[in-house]
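Residues per chain are reported as follows:
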Amino acid sequence: DAGVTQSPTHLIKTRGQQVTLRCSPKSGHDTVSWYQQALGQGPQFIFQYYEEEERQRGNFPDRFSGHQFPNYSSELNVNALLLGDSALYLCASSLSEEQFFGPGTRLTVL
Amino acid sequence: AQTVTQSQPEMSVQEAETVTLSCTYDTSESNYYLFWYKQPPSRQMILVIRQEAYKQQNATENRFSVNFQKAAKSFSLKISDSQLGDTAMYFCAFMKHDYNTDKLIFGTGTRLQVFP
């Protein structure tokens, strides 16, 4: 089992650009959650997908959007990037209460 | 709204010694989960231990154990026989017990350094 995988590992963008991050869940998991972890902080919940629908959303603007595919993989899209969007983006998959995390995507906005 | 507080930004311990990391939380929920996650420099968040609020018995996983005080809303992590590989950021997290998987609410973390 490959566990949760995320791509790309690192990404550098400039302000105003758009970015797409990808996540493949652990085999058998149907729920994907996304978190933003700013430097020196704990992860903050962005949103969660289940059965291709956004089930919950944290306190993030509409510039953050997502998608879940029939194979349960997921994408996180961020439009009109701001410097403050620079962070580690973590994806977690789950089937029950235990969430398994991927290695994250480090996004740097210049 | 639920909050999680970790008041120790950094801790250090000598190899083979015992260290305790503190965590307090605030919630009006009666049924929930509490977790400790470890995040080494590789960035991968790894579950260390979890506690279900309705269970009075403290969870234990090998060298890791918790002291869960529900009334005080306290959830500390004890690491016994510390090893160099325990060096990492440790996050305390709260999850409401729901029919579906709920979101995790994290504290700000404690950086643990284990030295020889």
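The following refers to the structure shown. (Residues numbered from 1 in each chain as written. Chains lettered and ligands numbered in written order. Predicted model: local features only at pLDDT ≥ 70, side-chain atom pairs only at ≥ 80, totals over all residues. Heavy atoms only, no water.)

1. Quick look at the layout of surface pockets
Sizing a probe to match a water molecule and rolling it over the atoms shows the empty space that remains. Which entries qualify depends on this criterion: A cavity, in this analysis, means grid points on a 1 Å lattice covering only the protein atoms where a 1.4 Å probe fits yet has no way out; a pocket is instead an open set bounded by protein on both sides within 12 Å along at least five of seven lines, and a residue lines either one if it has an atom within 4 Å of a point. Grid points are joined across faces, edges and corners, and a volume is the space filled by probe spheres set on the points. Under the scheme used here, helices are H or I runs from DSSP no shorter than 4 residues and strands are E runs no shorter than 2 residues, and both carry numbers assigned from the N terminus. Three categories are distinguished: nonpolar for Ala, Val, Leu, Ile, Met, Phe, Trp, Tyr, Cys and Pro, charged for Asp, Glu, Lys and Arg, and polar for the others, with Gly belonging to the last.
Size it by volume and the largest pocket reaches roughly 330 Å³. In terms of lining, the largest pocket is formed by 18 residues, of which the most central are Gln 37 of chain A together with Gln 39, Pro 40, Met 89 and Arg 111 of chain B. Within the residue set of the lining of the largest pocket, elements represented by two or more residues are strand S10 (88-96) and strand S12 (110-115) of chain B. Considering only residue class, the lining of the largest pocket consists of nine nonpolar, six polar and three charged. In this structure, the second largest pocket is lined by 13 residues; those nearest its centre are Pro 43, Gln 44 and Phe 45 of chain A together with Leu 104 and Ile 105 of chain B. Looking at the lining of the second largest pocket, the elements with two or more residues in it are strand S5 (44-50) of chain A together with strand S1 (3-5) and strand S11 (105-106) of chain B.

2. Structural notes on the sheet that holds strand S8 (residues 74-78) of chain A
All names here are of chain A. Which entries qualify depends on this criterion: By this definition, two strands are paired if DSSP reports at least two bridges between them. Each axis is a line fitted through C-alpha atoms, and for a helix only the stretch in contact is used; angles between axes span 0 to 180 degrees, taken between their N-to-C directions.
Pairing within the open sheet is antiparallel, and its four strands lie in the order S1-S3-S8-S7. Of all the strands in the sheet, just strand S1 (5-7) and strand S7 (64-68) have a single pairing partner and so form its edges. For this sheet, the mean inter-axis angle between neighbouring strands, taken without regard to orientation, is 20 degrees. Where strand S3 (residues 19-24) lies against S8, five bridges are found, and the strand directions are antiparallel. Note that in S8 the partner of Val 19 across the bridge is Val 78.

3. Re the packing of aromatic side chains
Rules: Pairing of aromatic side chains requires ring centres within 6.5 Å, counting the rings of Phe and Tyr and the six-membered ring of Trp. Pairs whose planes differ by under 30 degrees are stacked, by over 60 edge-to-face, and all others tilted. Counted as over-ring charges are cases with an Arg CZ or a Lys NZ within 6 Å of the ring centre that also lie within 35 degrees of the ring normal.
Tallying each qualifying case throughout the model produces 16 aromatic pairs over all chains. An aromatic cluster of three or more residues is present, and its members are Tyr 35, Phe 45 and Phe 101 of chain A together with Tyr 33, Phe 35, Tyr 37, Phe 91 and Phe 106 of chain B. One Lys or Arg, Lys 26 of chain A, reaches over the ring of Phe 100 of chain A and ends 5.1 Å from the middle of that ring. Over the ring of Tyr 50 of chain A we find Arg 55 of chain A; its NZ or CZ atom is 4.4 Å from the centre of that ring.

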